[in-house]
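# Structural overview
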Amino acid sequence: MWMRRYAASCGAGVIALLLTACGGGQYRPVRDVPVRIGPPYVVRGVTYTPAADPGYDMLGYASWYGSESGNRTANGERFRAGWVTAAHTSLPLPSYVEVTALDTGRTIVVRVNDRGPFSGRGRVIDLSRGAAEKLGVRAQGHVPVRVRLVDPPEKDRARLRKGKPAPMRPTVPEATLRKLRAQLRAAGL
């Protein structure tokens, strides 16, 4: 008799546990370990191959997103639109990148915790609404940028993990911006 009651109570507990997992509240804590690279994946017929790339330095375009707030990011964290985060197709999750707006020279550090962008010619990064605001590009939907992989100090990483921006980086001089914009045009973008 006690065995049936125990089995019945265990079954109810397992069902309750499964139902709480389906509620969407089971997010991975915001932390930097483990770093995930992941296998190749296909989106809209295009194959993306995540990889560690310590020298990553790319010119292209950024867009921003924010209506997905509350959804799960590719590394299992909760997406918070106001945080300074981004989506990238192939960098390890999480990664830290320096994003420079080529129109203004304004530069910020962003924590990459999601996958994307998957559309738009020349797009190299999708910024969260918070990152777009911090970079000063929220009013534009599509802006030319330079994205470089960086290794910020732990103090800056900790701020970004808590949803707070890292200190602003120095503005890039206009002469450097002109060269970067010329490189972007030469690449046909």
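Please refer to the structure placed before this passage.
We now turn to the structure provided with this report. In this text, all values refer to a predicted model and were calculated from it rather than measured experimentally. (Residues numbered from 1 in each chain as written. Predicted model: local features only at pLDDT ≥ 70, side-chain atom pairs only at ≥ 80, totals over all residues. Heavy atoms only, no water.)

## Comments concerning the overall build of the protein
Counting its regular elements, the protein contains four helices and eight strands. The helix and strand sequence of the protein, counted from the amino end, reads α-β-β-β-β-β-β-β-α-β-α-α. Here the protein, with 189 residues, has 40% of them falling under the buried criterion. Within the protein, residue pairs in contact and separated by at least 24 positions form 75% of the contacts whose partners lie at least 6 positions apart. (Helix = DSSP H or I, 4+ residues; strand = E, 2+ residues; numbered from the N terminus. Buried < 20%, exposed > 50% of the residue type's maximum accessible area, 1.4 Å probe, protein only. Contact = heavy atoms within 4.5 Å.)

## Topic: the packing of aromatic side chains
If you walk through the whole model with that rule in mind, you get four aromatic pairs. What links up through ring pairs into an aromatic cluster is the set Tyr 41, Tyr 48 and Phe 118. (Phe/Tyr/Trp six-rings, centres within 6.5 Å; stacked < 30°, edge-to-face > 60°.)

## A look at the side chain of Arg 28
Summarising the element assignment, Arg 28 is placed in the loop between helix H1 (2–22) and strand S1 (41–43). A distance of 3.2 Å separates the side chain of Arg 28 from the backbone oxygen of Pro 34, its partner in a polar contact. Once residues lying within four places of it in the same chain are set aside, the contact partners of Arg 28 are Val 33, Pro 34, Arg 36, Asn 75, Gly 76 and Glu 77. (Polar contact = N/O pair within 3.5 Å; in protein donor to acceptor, adjacent residues only side chain to side chain.)

## Considerations on helix H3 (residues 154–161)
Considered for burial, the residues of H3 that qualify are Asp 156, Arg 157, Leu 160 and Arg 161. Along the axis of H3, the buried residues cluster in a sector spanning 135°; they form a single face. Buried residues belonging to H3 abut strand S5 (95–101) and strand S6 (107–114). In the segment just after H3, Gly 163 is the residue with positive phi, at about 90°. (Arc of directions from axis to C-beta.)

## With respect to the environment of Asp 156
Assignment of secondary structure puts Asp 156 in helix H3. Classification of Asp 156 by relative accessible area gives buried; the value is 10%. Sequence-wise, Asp 156 and Ala 166 are 10 residues apart; in three dimensions their C-alpha atoms are separated by 5.0 Å. When residues no more than four places from it in sequence are discounted, the contact partners of Asp 156 are Ala 166 and Pro 167.

## Quick notes on unusual backbone geometry
Only a minority of non-glycine residues have a phi that is not negative, and only a minority of peptide bonds are not trans. Here the bond from Val 33 into Pro 34 is cis, since omega is -5°, no more than 30 degrees from zero. With an omega dihedral of -10°, the bond running from Gly 116 to Pro 117 counts as a cis peptide bond. Its identity is not glycine, yet Arg 44 carries a phi of approximately 50°, on the positive side. Mapping Arg 44 onto the fold places it in the loop between S1 and strand S2 (46–48). Look at Arg 44 and you get exposed, because its relative accessible area is 66%.

## Regarding the sheet that holds strand S4 (residues 85–87)
Taken together, six strands build a closed barrel; the order of strands is S3-S7-S4-S6-S5-S8 and the barrel is mixed. Ignoring strand direction, the axes of neighbouring strands in this sheet form an average angle of 45°. In this structure, strand S3 (residues 57–65) lies alongside strand S8 (residues 143–149), joined through six bridges in antiparallel fashion. Bridge pairing in S8 links Tyr 61 to Pro 144. (Pairing = 2+ DSSP bridges. Axes fitted to C-alpha atoms, helices over the stretch in contact; angles between N-to-C directions.)

## Some points on the pairing of S3
Across five bridges, the pairing between S3 and strand S7 (residues 123–128) is parallel. Paired with Ser 63 across the two strands is Asp 126, which belongs to S7.

## With respect to the side chain of Glu 98
Tracing the chain through its elements places Glu 98 in strand S5. Its relative accessible area of 10% is what places Glu 98 among the buried residues. Engagement of the side chain of Glu 98 in a polar contact is seen with the side chain of Arg 169, the distance being 2.7 Å. Excluding its chain neighbours within four sequence positions, the residues that come into contact with Glu 98 are Thr 107, Ile 108, Val 109, Arg 146, Val 147, Arg 148, Val 150 and Arg 169.

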